[in-house]
Amino acid sequence: MTTLTKITPAPVIDETVRLLTENYVFPEVAEQVAGLLQRRLAEGAYDVDDAEELARLVTEDLQSVNNDRHLRLKYHADPVSAKEGAATLESIRREFDTSLGGAPRVQLLDGGVAVVELGPMLFPLDWAAEPLAAALTLASRAEALIIDLRGNRGGDPDTVAFVCSYLLDKRTHLNTMSWRGGQHNEQSWSQPHVPGARFGGTKPLYVLTSESSFSAAEELAYDLQQLGRAVVVGETTRGGAHPCKGWTVHPHLEVTVPFGRAVNPVSGTNWEGVGVQPDVACAAAESLDRAHELALARLAD
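Calculation notes
- Residues numbered from 1 in each chain as written.
- Predicted model: local features only at pLDDT ≥ 70, side-chain atom pairs only at ≥ 80, totals over all residues.
- Heavy atoms only, no water.
- Helix = DSSP H or I, 4+ residues; strand = E, 2+ residues; numbered from the N terminus.
- Contact = heavy atoms within 4.5 Å.
- Salt bridge = Lys/Arg side-chain N within 4 Å of Asp/Glu carboxyl O.
- Buried < 20%, exposed > 50% of the residue type's maximum accessible area, 1.4 Å probe, protein only.
- Pairing = 2+ DSSP bridges.
- Axes fitted to C-alpha atoms, helices over the stretch in contact; angles between N-to-C directions.

1. Side note on the environment of L54
Within the secondary structure, L54 is located in helix α3 (residues 51-62). Look past the residues within four positions of L54 in its chain and what remains in contact with it is I7, P9, V12, Y46, V48, L73 and L253.

Here it is, written out as structure tokens:
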């Protein structure tokens, strides 16, 4: 049952507009969306009883101009810290603790094919490095590897680079983040050394996706696909390529605002709005069996 959290919308909208106009990666879109929020507030569209309903209404409007799914007003049932970024970290910590650190399954299938499931998120690297290193080192002896991202809703770009480092043989440029205004770029590279053992850059590799795979999970699939390192099997992903920050604007509400965009060094673009297109399209529920078949056929050759 949802507990109503009484809300006064005007201060929330005012702060959301400020954060949007100061930080959003596309200033011209920020101006349009800010104007929309202010008009909707004046019209009484946000005169609702609780924070969860306000979050839903404002998110619809935030995403209405360019369908940026990282641009959100998120509701948190439990009160969250006012510190920048703390709301998201607090909300995902329990998931980290109950998912074996983001690697809930390592399995060996017939024919020497391993499966490593990464989810429900790619957690912050300072949390996740140890469990991910353990899972990927265990799978490094397999003849072929399937990375399951079907239930992964995103996370830390540094963790993407960390995982890629186990799947490549040498330091490789994976992605570039272009920050607001295009005046500053930050490159992401795989690491030359990793804890434990690498699976390496030559054995067969498959990545499973679903329509729920999002954000950093999409980056992992896209980076490996563009490098020609992995075959993506499953469904087209959700299509969110903009890194974002979160600010608490009410004890139960967090606004997340993208402040950059991804630029892949191979494609020159990203997966924003279109998702990662699978190399082998099939229903997500069938993708593990399909990837296993592909791996066995590749090994037989």
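Continuing now.
2. Let's talk about the pattern of salt bridges
This structure, assessed with the given rule, holds 12 salt bridges. In this structure, the salt-bridge partner of K74 is E254, at a minimum N-O distance of 4.0 Å. With K74 in strand β1 (residues 72-75) and E254 in strand β10 (residues 253-258), this residue pair connects regions lying 180 residues apart in the sequence. K74 sits in the partly exposed class, given a relative accessible area of 21%. Relative accessible area serves as the criterion here: at 1%, E254 is assigned to the buried category. The residue D148 makes a salt bridge to R105 at a minimum N-O spacing of 3.1 Å. Of the two residues, D148 sits in strand β4 (residues 144-148) while R105 sits in strand β2 (residues 105-109), which places them 43 residues apart along the sequence. Look at the salt bridges and you will find they share partners, linking R105, E117, D148 and R150 into a network.

3. So, the sheet that holds β1
The strand order across the open sheet formed by 3 strands is β1-β10-β9, and the pairing between neighbours is antiparallel. If you trace the sheet from one side to the other, it starts and ends with β1 and β9 (244-250), each paired once. Across the sheet, the axes of successive neighbouring strands diverge by a mean angle of 30°, strand direction being ignored. Where β1 meets β10, 4 bridges bridge the pair, whose relative direction is antiparallel. From the neighbouring strand, L73 faces β10, where its bridge partner is V255.

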